[in-house]
Structure formats: C-alpha cells, structure tokens
Amino acid sequence: QVQLVESGGGLVQAGGSLRLSCVASGSIFSINTMGWYRQAPGKQREWVATIGSGGSTNYGDSVKGRFTISRDNAKNTVYLQMNSLKPEDTAVYYCNADVRLTTRAIVNSWGQGTQVTVSQ
C-alpha cells in the first residue's frame, strides 16, 4: 500500500558530497516521522537521521554536523544531504517512513536501499 523509492547513491571521493532522495507513494493520508538508516558490509543496520512531521530533526553521533535531513511534505519526499564524506560512510542507505494510510491505519515502510561508496 506504500512504496518508498530511493535515489542519489553512487561513488564519491572522501571529502565530497552526495544528496539522497526518497519518494513515498501509495494510499497515503499523511506521513509522520521519516528517516535514513545505513548498513555496511558485516555490520548491523545503523540509524542515521530522522525528521518529524513538523520538521524536528535528530542525528546519529557519527554523522552529526556533516549530514542534513529535510523533507518536502507536498512531494512526500525526504532528503539526506551528505557532506564531508568519509570512507566509513560507505554503506547501503535505506529510507524509512511511518505513514498514515487513507484508511487511517499507520504502517512503517522501508525502501530497497541505495549504495553509497566513499573512496580514499
């Protein structure tokens, strides 16, 4: 009933920047919290950042000061601006959203992930 599609991943050199986007579609009434998570090879999935429906933001310690999460409610889209990238940022990045459906039910949805690779 809800689909999340990420884009913007790719290969970038250390110190560079990348902007990820995630668009939600389906039988959406409204979207509450949206967020980004990442998973490096052999590691657990890690929380990166979240943004509430009113625009409040929270960041994981490893990305605070370098990454910025934002959203466009009219487009059902969340963004992650990643600056000063480091090799340790290399991971598959996943979009997540708490969505209120037109039925008024709330569901939690995940995207398929997009690869971000930071080279030396």
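Each value, and the rule that gives it
Residues numbered from 1 in each chain as written. Predicted model: local features only at pLDDT ≥ 70, side-chain atom pairs only at ≥ 80, totals over all residues. Heavy atoms only, no water. Helix = DSSP H or I, 4+ residues; strand = E, 2+ residues; numbered from the N terminus. Rg over C-alpha atoms; globule rule 2.2 N^0.38 Å. Buried < 20%, exposed > 50% of the residue type's maximum accessible area, 1.4 Å probe, protein only. Contact = heavy atoms within 4.5 Å. Salt bridge = Lys/Arg side-chain N within 4 Å of Asp/Glu carboxyl O. Core = buried A, V, L, I, M, F, W, Y, C linked by side-chain atoms within 4.5 Å.

Colleague: I'd like to hear about the overall build of the chain, residue by residue, with values.
Modeller: The secondary structure content of the chain amounts to zero helices and eleven strands. Moving toward the C terminus, one meets the helices and strands of the chain in the order β-β-β-β-β-β-β-β-β-β-β. Since a compact globule built from 120 residues should have a radius of gyration of about 14 Å, the 14 Å found for the chain is in line with a globular shape. Along the three orthogonal principal directions, the C-alpha set of the chain runs to about 50 × 25 × 25 Å. Here the chain, with 120 residues, has 42% of them falling under the buried criterion. Contacts spanning at least 24 positions in sequence make up 55% of the contacts within the chain whose residues lie at least 6 apart.

Colleague: Tell me about the pattern of salt bridges, residues and numbers included.
Modeller: Per the counting criterion, the structure on display carries three salt bridges. For Arg38, the salt bridge is made with Glu46, and the minimal N-O distance between the two is 2.8 Å. Among the residues examined, Arg38 registers a relative accessible area of 6% and is labelled buried. For Glu46, a relative accessible area of 32% gives the class partly exposed. Notably, a salt bridge pairs Asp89 with Arg66, separated by 2.7 Å at the nearest N-O pair. With Asp89 in the loop between β8 (77-82) and β9 (91-101) and Arg66 in the loop between β6 (57-59) and β7 (67-72), this pair connects stretches of sequence that are 23 residues apart. Arg66 shares its class with Asp89; the two are buried.

Colleague: Go over the nonpolar core, please, and point to the residues and values.
Modeller: Formed by 31 residues in total, the largest nonpolar core has its most connected members in Trp36, Leu80, Met82 and Tyr93. If you list the elements that add at least two residues to this core, you get β1 (2-7), β3 (18-26), β4 (28-39), β5 (46-51), β7, β8, β9 and β11 (114-119). Leu80 has contacts with Leu18, Arg19, Leu20, Trp36, Val48, Ala49, Phe67, Thr68, Ile69 and Tyr93, leaving out every residue within four places of it along the chain.

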